[in-house]
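# Descriptive analysis of the structure
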Amino acid sequence: QKEVEQNSGPLSVPEGAIASLNCTYSDRGSQSFFWYRQYSGKSPELIMFIYSNGDKEDGRFTAQLNKASQYVSLLIRDSQPSDSATYLCAPRTGNSGGYQKVTFGIGTKLQVIP
Amino acid sequence: EPEVTQTPSHQVTQMGQEVILRCVPISNHLYFYWYRQILGQKVEFLVSFYNNEISEKSEIFDDQFSVERPDGSNFTLKIRSTKLEDSAMYFCASRSQGSGANVLTFGAGSRLTVL
């Protein structure tokens, strides 16, 4: 079983629509969940993180976490062409000594059509 | 805004040659990471480093790879004898110490092409 599973896409949405990106993870020890955005040829860039069950909103972005179902999602409202990128789901694991590691999924490629 | 700096941005090398990729993490960060991304594939964890030693390494990080922090500011990844399959983008990342959802900050990456 893959540690992080995402639909690689592409997911195409019209400009102004809501884009919904989903991710499941296998490690129940995952403590926090990061969503990174990666433009082609560039490094991952943090969009937002969530560590409690429920929803977390930040501008046009809403992250949703359900630890019982091992599921995390990212909603992008009012999608813009500049949102076209690959979105990486990244659970974080660690230990009580402070060590942490982020594991990336394959990412979902989002295309926002003008 | 503080950033992680990587050099070189692109290196072309012949198979079997040694390569050193350099990273300057954010100054107050204590944890350091190398990830790699083969073209079209996912970002893969290679190794993490803290307190001058490796904290964890993946099965990718075999004897051909090594890391060190030679001078308190640079963090390097060495590949002793490059193979064609080492061609990838290599990302350095760092984070500060402490509890909470600490963010890994990534550098812009070093693209390695092995011919």
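My aim in this report is to walk through the structure given alongside it, one point at a time.

How each quantity is defined
Residues numbered from 1 in each chain as written. Chains lettered and ligands numbered in written order. Predicted model: local features only at pLDDT ≥ 70, side-chain atom pairs only at ≥ 80, totals over all residues. Heavy atoms only, no water. Salt bridge = Lys/Arg side-chain N within 4 Å of Asp/Glu carboxyl O. Helix = DSSP H or I, 4+ residues; strand = E, 2+ residues; numbered from the N terminus. Buried < 20%, exposed > 50% of the residue type's maximum accessible area, 1.4 Å probe, protein only. Pairing = 2+ DSSP bridges. Axes fitted to C-alpha atoms, helices over the stretch in contact; angles between N-to-C directions. Phe/Tyr/Trp six-rings, centres within 6.5 Å; stacked < 30°, edge-to-face > 60°. Contact = heavy atoms within 4.5 Å. Buried area = accessible area lost by both parts, 1.4 Å probe. Polar contact = N/O pair within 3.5 Å; in protein donor to acceptor, adjacent residues only side chain to side chain. Nonpolar A, V, L, I, M, F, W, Y, C, P; charged D, E, K, R; others polar.

## Regarding the pattern of salt bridges
Residues and elements named next belong to chain A. A full pass over the atoms with the stated rule returns five salt bridges over all chains. A salt bridge links glutamate 57 to arginine 77, with the nearest nitrogen and oxygen atoms 3.5 Å apart. With a gap of 20 residues between them, glutamate 57 in strand β6 (residues 54-58) and arginine 77 in the loop between β8 (71-76) and β9 (85-94) connect regions that are remote in the sequence. Aspartate 83 is the partner of arginine 60 in a salt bridge, and the nearest nitrogen-oxygen pair spans 2.9 Å. Note that arginine 60 is positioned in the loop between β6 and β7 (61-66) and aspartate 83 in the loop between β8 and β9, a separation of 23 residues in sequence. On the accessibility criterion, arginine 60 (27% relative accessible area) is partly exposed. With relative accessibility at 1%, the residue aspartate 83 sits in the buried group.

## Description of the sheet that holds strand β1 (residues 5-7) of chain B
Residue and element names in this part refer to chain B. A sheet is described by the order of its strands in space; here four strands give the open sequence β1-β3-β8-β7, paired in antiparallel fashion. With one partner strand each, in any of the chains shown, β1 and β7 (65-68) form the two edges of the open sheet. Sheet twist, expressed as the average angle between the axes of neighbouring strands with direction ignored, equals 15°. Inspection of the sheet shows β1 paired to strand β3 (residues 19-24) by three bridges, in the antiparallel sense. Counterpart to threonine 7 in the pairing with β3 is arginine 22.

## Regarding the packing of aromatic side chains
Here a ring pair, both rings aromatic, is described through the centre-centre distance and the interplanar angle of the planes. All names here are of chain A. Overall, the coordinates contain 17 aromatic pairs over all chains when judged by the stated rule. Seen from their ring centres, phenylalanine 34 and phenylalanine 49 are 6.0 Å apart, and the 45° between their planes marks the pair as tilted. Here phenylalanine 34, found in strand β4 (residues 32-38), pairs with phenylalanine 49, found in strand β5 (residues 45-50); they are 15 residues apart in sequence, far enough to count as distant. According to the relative accessible area criterion, phenylalanine 34 is buried, its value standing at 0%. We classify phenylalanine 49 as partly exposed; its relative accessible area is 23%. For the ring pair phenylalanine 49 and tyrosine 51, a centre distance of 6.2 Å and an interplane angle of 15° mean the geometry is stacked.

## Quick look at the interface of chain A and chain B
With 22 residues of chain A at the interface, the matching set in chain B holds 25 residues. Taken over both partners, the interface formed by chain A and chain B buries close to 1,700 Å², and the fraction arising from carbon and sulfur atoms is 56%. There are one salt bridge connecting chain A and chain B. Run the count over chain A and chain B and you get seven residue pairs in polar contact (both at pLDDT 80 or more). For the side of chain A that touches chain B, the per-class residue count stands at 11 nonpolar, eight polar and three charged.

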